[in-house]
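Coordinate analysis (summary)
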Amino acid sequence: MKVVGITTQQEVYVGSKDRNFRINEFLIIMDEVQGDLMGEVVEANTYNRYIPLNINGDLVDSSVLESLRAIGYNIDEDTIYIAKVRLINEAQYPVETGSDVRVPKFYEVKDFMVKANKEEGLVLGLIRNTDQMEEDMDEELKNILYTFEDDKLQPQKGIPYILDLKSMHQYPHIGVFGGSGSGKSFGLRVVLEELMKLNIPTIVLDPHFEMDFSEMQEYLPDDEKEDFSGKFKCLQVGYDVGVKFEDLSPQDLKNLLDASSTLTDAMNNVVDILYKRKDSYQSFHDRLKMLSEAQEEGSQEKIKRRIEEATTTAETEAWKKRKELYDSYDKTCPYSSVKGIFWRLRKLYNEGIFSNDIHEIEEGLKLGKLIVVQGSTRMLQVFSTYLLNNLYHKRRDFKDALYKHTTSDYFPPFFIVTDESHNFAPKGYECPSKAVLKEISQEGRKYGVFLILATQRPTLLEETITAQLNTKFIFRTVRSSDIQTIREETDIKEEEARRLPYLKSGDVFISSATMGRTIYVRIRASKTRSPHTLNPFDELKKYSKEEEEKFYRIIKDKLPINESQFLSILGEVEKEYGEAINMDQLKEKMEKLVESEKIEKVATPFGDMYK
């Protein structure tokens, strides 16, 4: 292998007659003046000087090839392999043309490629095209992972990619970008498995109900299987966790109400005036309700008349209370704003937001567990506003207390992970959860709070937050606007950007501030699987087969049956089947059994007989 053509201080071309090149592999250029220079293959081509791309504008066809063979050219032997190589570090001078090129040894790339050991970092995958350096690799880096490719498990062949967790204190936050089917959720699952292995406290917002780690992958060898059941917990908003109303500050309450739908200035003012510290849901609800009912009467005279017309002592006292509220707040709290707050409050209550509290989440994080909070996107938008703000400030208060040499309850550093993150921090409009995530993206590093934000549409994610993601996992991406955003926010090169729409599922470019450049990685095989892995068409087939078997078990003891007997056995079949069945449905089910050859149908003088 030799350097050919015109060179620069950043890029060279390398040619070979007998060795083909692979994109993203590393090579050592032995420059006689500047010493060994490391570079990465960014483009690989095969060229034959006797077969140009076109002749007089026409593409070469098989007849041209046959003509060349006929006049004695050996096409195979005249093939030349050419690679465009970009230097890892810029050279002082243009590289000497004619310099020899070789494959590096592991020790020459170790400091560049391996930034952490497997005990302290996240073992996420395999650096592509490094298998030629595996033989002299350190023993502790060998056989530590499997990949899953071409529908089968593959043993490790190459250098593992280990994310340096400690470096996140300096280069915080991770972005995971990729379109549908790109392996984005799979990659996120692998990251979470690694966090659980290291007992890193993590809170996951899961709008798709798929981040469950109960089911182990069946294809893994027994010694590779790992039980995560004691390291995570799934909690559902409105059932397992919620907001304790008595703990809300006025701003917390406004954030929750604003997440339901945007508050006007007048509505914000209503909360400031009517919400009292340590209010229960019921007391605040009743205050709003009574004030709005008094305002519906329209005047003090009408309210006095309701007091006079009351038929019981309780009714009299209730209208006196309404009058007090009306006298105190009618002029400062417009009726429409009071009703708006009342409607939003009832909506949150009906959705279960005020059931339970976040105590179980806090305790799980203190034990180093991964806590998965599940719910619809809208429910999570509302709940995360309170949850993330509360948890972040618990950690912040503890760190500030240490700095000020005062006392505060310990709260551990933790990760916040969310899929569909553009719904929680959208670009172009405000929402309460966005404000919390934006603050954490800018200030969280100092307090040990880190973000992992996954999205199919990085273009729709708040730009300030995107800029703070120092490590980005870029899976297959098709949309040109998203590719452009990725190019602006990473050091990914034009050649790599062109490959993004064609990446295999599970292949990823990792742009890392720690590495200083983009690395091409195959995500390792996950140790657990999503509860939604069953193909929907396989599910349909499985369900149909189960239903058919169920009906066959019921009907087989009643065979043979004449069609004329259907009415007499219909009630009996309905009872055993557990569902209402009419005559047409019964006949249809019998015909399906005939199609599957479980029973036989024959014609008789009295109609069809099934046997």
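Being a predicted model, the structure only gives us computed values, none of them experimental.

**Here we look at the overall build of the chain**
Within the chain one finds 18 helices and 24 strands. Against the 2.2 N^0.38 benchmark of 25 Å for 611 residues, the chain shows a C-alpha radius of gyration of 34 Å, more extended than a compact globule. By the burial criterion, 48% of the 611 residues in the chain qualify as buried. A separation threshold of at least 6 residues defines the contact pool for the chain, and within that pool the share at least 24 residues apart is 73%. Put simply, the chain shows about 30,300 Å² of open surface, and 47% of that area lies on carbon and sulfur atoms. Of the charged side chains in the chain, 85 are positive and 106 negative; the average position of the first set lies 4 Å away from that of the second.

**Focus: the nonpolar core**
Counting residues in each nonpolar core, the largest one holds 72 residues, and the members touching the most others are Phe-354, Ile-361, Val-373 and Phe-383. Here this core gets nine residues from one element, more than from any other, and that element is helix α11 (residues 377-404). In this structure Phe-354 touches Val-243, Phe-245, Leu-248, Leu-256, Tyr-281, Leu-345, Leu-348 and Tyr-349, once residues within four positions along its chain are discounted. If you look at the next biggest cluster of nonpolar residues, it comprises 55 residues, including Ile-144, Val-190, Leu-192 and Phe-232.

**Here we look at the environment of Gly-178**
Inspection of the secondary structure puts Gly-178 in the loop between β13 (174-177) and α3 (184-197). The class of Gly-178 is buried, set by a relative accessible area of 1%. Residues Gly-178 and Leu-37, 141 residues apart in the sequence, show an inter-C-alpha distance of 33 Å. Residue contacts for Gly-178: discarding those within four places in its chain leaves Lys-184, Thr-455, Gln-456, Phe-475, Arg-476 and Thr-477.

**A word on helix α6 (residues 281-297)**
Over its 17 residues, α6 extends 25 Å from the first C-alpha to the last, a length consistent with the 24 Å expected when each residue adds 1.5 Å. Burial analysis of α6 places 12 of its 17 residues in the buried class, which makes it a mostly covered element. Along α6, the residues that are buried comprise Tyr-281, Phe-284, His-285, Arg-287, Leu-288, Met-290, Leu-291, Ser-292, Glu-293, Ala-294, Gln-295 and Glu-297.

**Some points on the packing of α6 against helix α9 (residues 335-350)**
Between α6 and α9, whose axes approach to 10 Å, the crossing angle comes to 145°. Handedness of the crossing formed by α6 with α9: left-handed. The residues of α9 that touch α6, namely those facing Tyr-281, Phe-284, His-285, Leu-288, Lys-289, Leu-291, Ser-292, Gln-295 and Glu-296, are Tyr-335, Val-338, Lys-339, Ile-341, Phe-342, Leu-345, Arg-346 and Tyr-349. Tallied by class, the residues present in the contact of α6 with α9 amount to 10 nonpolar, three polar and four charged.

**Some words on the pairing of strand β3 (residues 26-31)**
Here β3 lies mainly inside the structure; five of its six residues are buried. Of the strand pairs in this sheet, β3 and strand β8 (residues 100-102) are connected by three bridges, and their pairing is antiparallel. By the bridge assignment, Ile-28 is partnered in β8 with Arg-102.

**Observations concerning the pattern of salt bridges**
Scanning all chains against the criterion turns up 47 salt bridges. Asp-419 is the partner of Lys-184 in a salt bridge, and the nearest nitrogen-oxygen pair spans 3.0 Å. Of this pair, Lys-184 sits in helix α3 while Asp-419 is found in the loop between β17 (414-418) and α12 (432-447), placing the two residues 235 residues apart along the sequence. Judged by relative accessible area, Lys-184 falls into the buried class, the value being 5%. Exposure remark for Asp-419: the relative accessible area of 4% places this residue in the buried category. For Lys-320, the salt bridge is made with Glu-317, and the minimal N-O distance between the two is 4.0 Å.

**Points about the sheet that holds strand β16 (residues 370-374)**
One open sheet accounts for 11 strands, arranged β12-β9-β21-β20-β19-β13-β18-β17-β14-β16-β15; its pairing is mixed. Both outer strands of the open sheet, β12 (160-163) and β15 (232-236), are each paired with one neighbouring strand and no more. Strand-to-strand twist across the sheet, computed as the mean angle between neighbouring axes with direction ignored, equals 25°. Summarising the sheet, β13 and strand β19 (residues 471-474) pair through four bridges and their orientation is parallel. Along β19, the bridge assignment pairs Gly-175 with Lys-472.

**Thoughts on the sheet that holds strand β22 (residues 561-562)**
Spatially, β22-β24-β23 is the arrangement adopted by the three strands of the open sheet, whose pairing is antiparallel. Two strands close off the open sheet at either side, each with one partner strand: β22 and β23 (601-604). As paired elements, β22 and strand β24 (residues 607-610) share two bridges and run antiparallel to each other. In the strand pairing of β24, Ile-561 is matched with Tyr-610.

**Concerning the side chain of Arg-522**
One can find Arg-522 in strand β21 (residues 517-523). There is a polar contact of 2.7 Å between the side chain of Arg-522 and the backbone oxygen of Ser-505. Of the polar contacts made by the side chain of Arg-522, one reaches the side chain of Asp-507; its length is 3.0 Å. In contact with Arg-522, other than residues within four places in its own chain, are Leu-124, Gly-125, Leu-126, Arg-128, Thr-147, Phe-148, Glu-149, Lys-504, Ser-505, Gly-506 and Asp-507.

**Focus: unusual backbone geometry**
With omega at -5°, the peptide bond leading from Leu-559 into Pro-560 counts as cis. Among the structural elements, Pro-560 can be located in the loop between α16 (536-555) and β22. Residue Asp-151 is not a glycine yet carries a positive backbone phi of 65°. Among the structural elements, Asp-151 can be located in the loop between β10 (146-149) and β11 (152-155). Its relative accessible area of 72% is what places Asp-151 among the exposed residues. For Asn-199, which is not glycine, the phi torsion reads 55° and is therefore positive. Turning to its location among the elements, Asn-199 is positioned in the loop between α3 and β14 (202-206). The exposure class of Asn-199 is partly exposed, given its relative accessible area of 41%.

**What about the environment of Phe-354?**
Assignment of secondary structure puts Phe-354 in the loop between α9 and α10 (359-366). Measuring from C-alpha to C-alpha, the distance between Phe-354 and Phe-383 comes to 9.7 Å, with 29 residues separating the pair along the chain.

**So, α11**
A rise of 1.5 Å per residue sets the reference length of α11, with its 28 residues, at 40 Å; its end C-alpha atoms lie 39 Å apart and thus fit the reference within 8%. If you look at α11, its biggest bend is around 35°, right at Ser-384. Two residues or fewer after α11 comes His-405, characterised by a positive phi angle close to 60°.

**Quick word on the packing of aromatic side chains**
Throughout the structure, instances matching the rule amount to 17 aromatic pairs. Between Phe-509 and Tyr-520 the ring centres are 5.2 Å apart and the planes differ by 35°, which places this aromatic pair in the tilted class. In this pair, Phe-509 is assigned in strand β20 (residues 507-512) and Tyr-520 in strand β21, connecting sequence segments 11 residues apart. The class for Tyr-520 is buried, based on a relative accessible area of 11%. Arg-499 extends its terminal NZ or CZ atom over the ring of Tyr-520, reaching a point 4.7 Å from the ring centre.

Quick notes on the rules
- Residues numbered from 1 in each chain as written.
- Predicted model: local features only at pLDDT ≥ 70, side-chain atom pairs only at ≥ 80, totals over all residues.
- Heavy atoms only, no water.
- Helix = DSSP H or I, 4+ residues; strand = E, 2+ residues; numbered from the N terminus.
- Rg over C-alpha atoms; globule rule 2.2 N^0.38 Å.
- Buried < 20%, exposed > 50% of the residue type's maximum accessible area, 1.4 Å probe, protein only.
- Contact = heavy atoms within 4.5 Å.
- Areas by Shrake-Rupley, 256 points an atom, 1.4 Å probe, with all protein chains shown as cover.
- Lys, Arg positive; Asp, Glu negative; His and termini not counted.
- Charge placed at Lys NZ, Arg CZ, Asp CG, Glu CD.
- Core = buried A, V, L, I, M, F, W, Y, C linked by side-chain atoms within 4.5 Å.
- Expected span 1.5 Å × (residues − 1).
- Axes fitted to C-alpha atoms, helices over the stretch in contact; angles between N-to-C directions.
- Left-handed = near helix turned anticlockwise from the far one by under 90°.
- Nonpolar A, V, L, I, M, F, W, Y, C, P; charged D, E, K, R; others polar.
- Pairing = 2+ DSSP bridges.
- Salt bridge = Lys/Arg side-chain N within 4 Å of Asp/Glu carboxyl O.
- Polar contact = N/O pair within 3.5 Å; in protein donor to acceptor, adjacent residues only side chain to side chain.
- Bend = angle between axes of the 7 residues up to and from the residue.
- Phe/Tyr/Trp six-rings, centres within 6.5 Å; stacked < 30°, edge-to-face > 60°.
- Lys NZ or Arg CZ within 6 Å of the ring centre and 35° of its normal.

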